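Architecture at a glance
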Amino acid sequence: MAVLEVEGLTKMFGKFKALDDVTLRVEPGEVFGFIGPNGAGKSTTIRVLLGLLKRDGGTAKIFGKDVWTDAVDIHKRIAYVPGDVVLWPNLTGGEVIDVFAGLHGHTDTKRRNELIERYDLDPSKKCRTFSKGNRQKVALIAAFASNADLFILDEPTSGLDPLMERVFQQCVAEVKEAGKSVLLSSHILSEVERLCDRVGIIRQGTIVETGTLAELRHLTRTNLTVALASPAPRLAELDGIHNLINENGTLTFQADSDRLGDIMAVLAPYGIERLESAPPTLEDLFMQHYNNQEESQ
């Protein structure tokens, strides 16, 4: 049974349809990346899943329970980290972590202390003195110190420096290894690419593509760098080549995946002295998909 299952989810704000037939699943032990531009519907979807907003259509279940009617039971087994954490200003960071741990009814003191050290947090300081990054650390420590079965993370590394982002990535890998599930919404596409088993792309309230990175790479192009022994004429006009740049005889361009064989056949007679290819990144995929969507409208 899926840990999280959403089918045909719809949410209206007046006449505005914020979510339109959103469908996604998160399996046990899976890290699912949820990406899209600002205003696409990521946070609205997450608020519905948390029982903070009531849906207008479709179904949304976590652990097989309805996210609205069974929200109290569900919250006993989930950990949530928003992108902008607000804490009690007069409590220390350590006290807030303990409050959150108490809400779950279980405190793993050893794990708590280990995470405080890894995230380099001073738990004795009042929260009103904390920077945004330190507020995020408190929420992340509280989440990963819990015994949750599902982690819902909405832009969780906002404000963290690169070193702390690496600690976060290690924590996600650890909970995955323990068989827990993660729904990760992030604008840091390299982070999603590194951590996630599958990715869902949401645009204007609609899921436009879902799959593993390998399955989604057909939407984008391969990045190529080629050095030729002799110049090849009119390459820019060749079907399947995009954004061609010629720098001192070294060509860099993007190639449609289904045209790679034809492109290599055209280049071969000119003597390929060097060839470098890089698989498309999630950012390439993301940008091309939305650009194509805009151009078709």
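It should be noted that the structure appears before, not after, this text.
Definitions and limits used
- Residues numbered from 1 in each chain as written.
- Predicted model: local features only at pLDDT ≥ 70, side-chain atom pairs only at ≥ 80, totals over all residues.
- Heavy atoms only, no water.
- 1 Å grid on protein atoms, 1.4 Å probe; cavity = no way out; pocket = protein on both sides within 12 Å on 5 of 7 lines; lining within 4 Å.
- Points joined across faces, edges and corners; volume = space filled by probe spheres on them.
- Helix = DSSP H or I, 4+ residues; strand = E, 2+ residues; numbered from the N terminus.
- Nonpolar A, V, L, I, M, F, W, Y, C, P; charged D, E, K, R; others polar.
- Pairing = 2+ DSSP bridges.
- Axes fitted to C-alpha atoms, helices over the stretch in contact; angles between N-to-C directions.
- Buried < 20%, exposed > 50% of the residue type's maximum accessible area, 1.4 Å probe, protein only.
- Core = buried A, V, L, I, M, F, W, Y, C linked by side-chain atoms within 4.5 Å.
- Contact = heavy atoms within 4.5 Å.
- Patch = residues over 30% accessible without salt bridge, like charges linked within 9 Å, V, L, I, M, F, W, Y side chains within 5 Å.
- Areas by Shrake-Rupley, 256 points an atom, 1.4 Å probe, with all protein chains shown as cover.
- Salt bridge = Lys/Arg side-chain N within 4 Å of Asp/Glu carboxyl O.

Quick look at empty space enclosed by the protein
Overall, the coordinates contain 1 cavity of 30 Å³ or more when judged by the stated rule. In this model, the largest cavity occupies a volume close to 70 Å³. Broken down by element, the lining of the largest cavity gets its largest block of residues, 5 residues, from helix H3 (residues 93–104). Residue classes in the lining of the largest cavity are distributed as 5 nonpolar, 4 polar and 3 charged.

A closer look at the sheet that holds strand E14 (residues 272–278)
With antiparallel pairing, 4 strands are arranged side by side in an open sheet as E12-E13-E11-E14. Only two strands of the sheet have a single partner each, and these edge strands are strand E12 (241–247) and E14. Sheet twist, expressed as the average angle between the axes of neighbouring strands with direction ignored, equals 20°.

A short note on the pairing of strand E13 (residues 250–256)
Residues in a regular strand point their side chains to alternate faces of the sheet. Burial analysis of E13 places 5 of its 7 residues in the buried class, the great majority of the element. Sheet topology places strand E11 (residues 221–228) next to E13; 7 bridges connect them, and they run antiparallel. Within E13, the position partnered with valine 226 by the bridge is leucine 251. In this sheet, E13 lies alongside E12 in antiparallel orientation, the contact comprising 5 bridges. Paired with isoleucine 241 across the strands is alanine 255, a residue of E13. As consecutive antiparallel partners, E12 and E13 are separated by 2 residues, and within that stretch asparagine 248 has a phi angle of approximately 55°, a positive value.

Comments concerning the nonpolar core
Counting 45 residues, the largest nonpolar core has Tyr119, Phe144, Phe151, Leu153, Phe168 and Val199 as its most contacted members. What tyrosine 119 contacts, discounting residues up to four positions off in sequence, is Lys137, Leu140, Ile141, Phe144, Met164, Val167, Phe168 and Cys171.

Re a nonpolar patch on the surface
Together, Trp88, Val99 and Leu103 make up an exposed nonpolar region whose accessible area comes to about 310 Å². With respect to the secondary-structure elements, leucine 103 resides in helix H3.

A closer look at the environment of histidine 75
By secondary structure assignment, the location of histidine 75 is in helix H2 (residues 71–75). In this structure histidine 75 comes out as partly exposed when scored by relative accessible area, which is 36%. Each C-alpha atom of the pair histidine 75 and histidine 104 lies 8.3 Å from the other, and the pair is 29 residues apart in sequence. If sequence neighbours within four positions are ignored, histidine 75 has contacts with Leu50 and His104.

Quick notes on unusual backbone geometry
Positioned with a positive phi, arginine 234 is a non-glycine residue whose angle comes to about 55°. Judged by its relative accessible area of 64%, arginine 234 is exposed. Of note in this structure, asparagine 248 is not a glycine but carries a positive phi near 55°. Looking at the secondary structure, you find asparagine 248 in the loop between E12 and E13. A residue is classified by how much of its surface remains accessible, and asparagine 248, at 84% relative accessible area, is exposed.

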